[in-house]
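Listed below, chain by chain, are the residues.
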Amino acid sequence: MAHPGPALALLTHRLADTPAEFLAAPRIGQDGELAVAALVNDVLLLHGQRADIRPLQAFQAEAGTLARNRLQLASLCAWLLADPWFIDARVAQVDLLRALTEAPARLAPVTTAAQSIADVERREECVRVVLAQLGILPAGESAEQAQDRLAAISGAERLALLAASRAAERRARKIRAALAAKAAQESADKWTRE
């Protein structure tokens, strides 16, 4: 069951005002500046919680562009979840950690952290994905409205729709080719019978 949450505009504005430090290169091995695991732990402390080392290991990664992007998006989500509304809501640690791991994993293939700050739709998508992971609805929206709006702006949904469309077109081409081959065979059979 989804719970009513903060105004969407409040959270998108918060993302737009993300401090530059949250966009620093995430630490991967010896490279990078921002220790995302430490940042996540700090956010949990703001929520009055302490994290075990195991869940924080999800915020360390091997080298790679997608991993770096996922960690940068995790730092944005951490900034978002440091909002006083979430602290006052007393969100459970397991829910915070799930949102901080799953939302960036969903967003990383389709957008960057910089786009999630600069672009209005990507900002809204980031906020809506985090809220959905927490089972929280934007203020004034029903579950159906929130789900419809997320589907309408979601880059991941667009990629899935594009892939499904391409697969359907491939199937249609195969069917057309099979029908044409069958018609040619029937025509050849008709000529050989006559």
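Our subject is the structure listed above.
Per-chain numbering applies: the sequence of each chain, read as written, is numbered from 1 onward. The predicted nature of this model means local features are confined to residues of pLDDT at least 70 and side-chain atom pairs, given and counted, to a pLDDT of 80 or more, with totals for whole chains, interfaces and linings taken over all residues. Working from all heavy atoms in the structure, the side-chain values ignore hydrogens and water.

Some remarks on helix H8 (residues 120–134)
Then comes step 1: For H8, spanning 15 residues, the distance from its first C-alpha to its last is 21 Å, which sits close to the expected 21 Å at 1.5 Å a residue.
Then comes step 2: Counted residue by residue, H8 has twelve buried out of 15 residues, so it is predominantly covered.
Then comes step 3: Partly exposed describes any residue whose relative accessible area lies between the buried limit of under 20% and the exposed limit of over 50%, with all areas from a 1.4 Å probe on protein chains only and scaled to the type maximum. Secondary structure counts use DSSP, requiring at least four H or I residues in a row for a helix and at least two E residues in a row for a strand, with both numbered from the N terminus. Among all positions in H8, only Arg 122, Arg 123, Glu 124, Glu 125, Cys 126, Val 127, Arg 128, Val 129, Val 130, Leu 131, Gln 133 and Leu 134 are buried.
Then comes step 4: Whenever two N or O atoms come within 3.5 Å, that pair is a polar contact, provided that in protein one can donate a hydrogen and the other can accept it, and provided that, for residues adjacent in sequence, both atoms are side-chain atoms. Its side-chain oxygen at 3.1 Å from the backbone nitrogen of Glu 121, Asp 119 defines the N-terminal cap of H8.
Then comes step 5: Positive backbone phi, at 70°, marks Gly 135, one or two positions downstream of H8. By this rule, a helix spans an expected 1.5 Å times one less than how many residues it contains.

Thoughts on the packing of aromatic side chains
Then comes step 1: To pair, rings of Phe, Tyr and Trp, with the six-membered ring standing in for Trp, must have centres within 6.5 Å; the planes then decide the type, stacked if under 30 degrees apart, edge-to-face if over 60, and tilted in the middle. As enumerated under the stated definition, the model contains two aromatic pairs in all.
Then comes step 2: For the ring pair Phe 22 and Trp 79, a centre distance of 5.1 Å and an interplane angle of 55° mean the geometry is tilted. Of this pair, Phe 22 sits in the loop between helix H1 (8–16) and helix H2 (36–46) while Trp 79 sits in helix H4 (residues 65–81), placing them 57 residues apart in sequence.
Then comes step 3: Phe 22 sits in the buried class, given a relative accessible area of 15%.
Then comes step 4: Ring plane angle 85° and centroid distance 5.3 Å describe the contact between Trp 85 and Phe 86, whose orientation is recorded as edge-to-face.
Then comes step 5: Assessed through its relative accessible area of 27%, Trp 85 is described here as partly exposed.
Then comes step 6: On the basis of relative accessible area, Phe 86 is assigned to the buried category, the value being 0%.
Then comes step 7: To sit over a ring, a charge needs its Lys NZ or Arg CZ within 6 Å of the ring centre and within 35 degrees of the ring normal. Just above the ring of Trp 79 sits the side chain of Arg 14; from NZ or CZ to the centre is 3.9 Å.

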